[in-house]
Amino acid sequence: MSRHPSRRQDDLPDSAAPSRLAGAERSAFVGRLQTILTHWPSADRLARAMGVSPSAFRKWLKGEAEPSRERLVALARAAGVGVAWLAEGEGPAPVFEAMSGSRRRQRAPEPEASFDPAQFVLLPKHPEAAAAGAATPPAPPAAGFIALRHDWVRSACGVDPENLLLELAAGDSMLPTIRHGDTMLVDTGDRGVGTFGIYVLEIHGQRLVKRVQRKHDGSLVLISDNPVYQPDVVGKTEAASVTVIGRVVWIGGAI
């Protein structure tokens, strides 16, 4: 058991040791992070999209820590850039306006000048697809933002609007609760799996949405609502490497 139970697991690997990068390399890496951030509403939003705490991400931006290999891959996937370019500046620079492949990213238009951040939270409309069974991931929506009123988020979802993340579901393992292509709002502030509920997880690089039950021995039981799928058990040792993106608090989709 950790001697620092109040600290989040995603803070530990990156901030527990001083940066290994030389000054020039560290500055270049921070510069690449800043380039990526020009295509996101905020650093906090990007941090949550890749499954780390905003505080850990800000340490990378300040050059105070560097991401682990797993976090680097997660960041590259969330941002839609190559790992080699992100880590070393090698290979072609990403073209955010027209990237190819399943991780396609497009530059999102600037929000309207009339947008009031005190009343609305902006969610990027280029979510990851969380697998709910074997299926082709749904095509991501057009680039841009979805704006949700803070008061609606608090009343309908019961969470802090700044902790929300937008995800798409892919597959049929969570039927009838969640259908292929449904939009999910995820509370990234709930990552401890302290209560039985539906969570978005990352296991061995795969993003999943499942009901999750934490056992007393530290293992996790991943349960599908579709009875065709059998529960999966993630042992205590392997559970330590599972990244909990957050708890699903709202689901919506076409009729």
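Note: the structure precedes this text.
Before going into details, it helps to say that this report is about the structure given with it. (Residues numbered from 1 in each chain as written. Predicted model: local features only at pLDDT ≥ 70, side-chain atom pairs only at ≥ 80, totals over all residues. Heavy atoms only, no water.)

## Examining the environment of Asn226
No. 1: By the secondary structure assignment, Asn226 is in the loop between β8 (220-223) and β9 (232-234).
No. 2: On a C-alpha basis, the gap between Asn226 and Met174 in space is 5.3 Å, while along the polypeptide they are 52 residues apart.
No. 3: Leaving out residues up to four positions away in the same chain, Asn226 has contacts with Asp172, Ser173, Met174 and Leu175. (Helix = DSSP H or I, 4+ residues; strand = E, 2+ residues; numbered from the N terminus. Contact = heavy atoms within 4.5 Å.)

## Some remarks on the packing of helix α3 (residues 43-50) against helix α5 (residues 69-79)
No. 1: The interhelical angle for the contact between α3 and α5, taken along N-to-C directions, is 115°, at an axis separation of 9 Å. Classified by the interaxial angle, the pair formed by α3 and α5 is roughly perpendicular. In this structure, the crossing between α3 and α5 has a hand that is right-handed. Each of Leu46, Ala49 and Met50 in α3 lies in contact with α5, whose residues at this interface are Arg71, Ala74, Leu75 and Ala78.
No. 2: Per-class residue counts for the contact of α3 with α5 are 6 nonpolar, no polar and 1 charged. (Axes fitted to C-alpha atoms, helices over the stretch in contact; angles between N-to-C directions. Parallel < 35°, antiparallel > 145°, perpendicular 65-115°, else oblique. Left-handed = near helix turned anticlockwise from the far one by under 90°. Nonpolar A, V, L, I, M, F, W, Y, C, P; charged D, E, K, R; others polar.)

## Considerations on the side chain of Arg32
No. 1: Looking at the secondary structure, you find Arg32 in helix α2 (residues 23-37).
No. 2: One buried charged residue, Arg32, remains without a salt bridge, the closest side chain of opposite sign being Glu88 at 5.8 Å.
No. 3: There is a polar contact of 3.0 Å between the side chain of Arg32 and the backbone oxygen of Trp85.
No. 4: With residues up to four places along the chain from it excluded, the contact list for Arg32 reads Trp85, Leu86, Ala87, Glu88 and Gly89. (Buried < 20%, exposed > 50% of the residue type's maximum accessible area, 1.4 Å probe, protein only. Lys, Arg positive; Asp, Glu negative; His and termini not counted. Salt bridge = Lys/Arg side-chain N within 4 Å of Asp/Glu carboxyl O. Polar contact = N/O pair within 3.5 Å; in protein donor to acceptor, adjacent residues only side chain to side chain.)

## Looking at the pattern of salt bridges
No. 1: Counted by the stated rule, this structure contains 8 salt bridges.
No. 2: Close ionic contact of Asp151 with Arg149 constitutes a salt bridge, the shortest N to O distance being 3.2 Å.
No. 3: A relative accessible area of 35% places Arg149 in the partly exposed class.
No. 4: A salt bridge links Arg179 to Asp182, with the nearest nitrogen and oxygen atoms 3.8 Å apart.

## Some remarks on the pairing of strand β4 (residues 164-170)
No. 1: Taking burial as the measure, the 7 residues of β4 include 7 buried ones, the bulk of the element.
No. 2: The two faces of β4 match: Leu164, Leu166, Leu168 and Ala170 on one face and Leu165, Glu167 and Ala169 on the other face are all buried.
No. 3: In this sheet, strand β5 (residues 183-187) lies alongside β4 in antiparallel orientation, the contact comprising 5 bridges. Directly across from Leu166, in β5, lies its bridge partner Leu185. (Pairing = 2+ DSSP bridges.)

## Concerning the pairing of strand β10 (residues 243-252)
No. 1: Most of β10 is tucked away, with 7 of its 10 residues classed as buried.
No. 2: Direction of pairing for β5 relative to β10: antiparallel, over a ladder of 5 bridges. Counterpart to Leu185 in the pairing with β10 is Trp250.
No. 3: Pairing of strand β6 (residues 197-203) with β10 involves 4 bridges; the strand directions are antiparallel. If you follow Tyr199 over to β10, its bridge partner there is Arg247.

## So, the packing of aromatic side chains
No. 1: Applying the stated criterion to the full structure yields 2 aromatic pairs.
No. 2: Geometrically, the ring pair formed by Trp152 and Trp250 is edge-to-face, given 5.8 Å between the ring centres and 80° between the ring planes. With a gap of 98 residues between them, Trp152 in helix α7 (residues 150-157) and Trp250 in strand β10 connect regions that are remote in the sequence.
No. 3: A relative accessible area of 33% places Trp152 in the partly exposed class. (Phe/Tyr/Trp six-rings, centres within 6.5 Å; stacked < 30°, edge-to-face > 60°.)

## So, the nonpolar core
It is characteristic of soluble globular proteins that their nonpolar side chains tend to be buried jointly.
No. 1: Formed by 36 residues in total, the largest nonpolar core has its most connected members in Phe57, Leu86 and Val209.
No. 2: Tallying contributions element by element places α5 first for this core, with 6 residues.
No. 3: Ignoring anything within four residues of it in the chain, the contact list for Phe57 reads Leu37, Ala43, Leu46, Ala47, Met50, Val52 and Leu75.
No. 4: Counting residues in each nonpolar core, the second largest holds 13 residues, with Leu201, Leu208, Leu220 and Ala239 among its members. (Core = buried A, V, L, I, M, F, W, Y, C linked by side-chain atoms within 4.5 Å.)

## Thoughts on the environment of Asp232
No. 1: Secondary-structure assignment places Asp232 in strand β9.
No. 2: Counting along the chain gives 12 residues from Asp232 to Leu220, while the straight-line C-alpha distance between them is 8.3 Å.
No. 3: Once you skip the residues sitting within four places of it in the chain, Asp232 turns out to touch Leu220, Val221 and Leu222.

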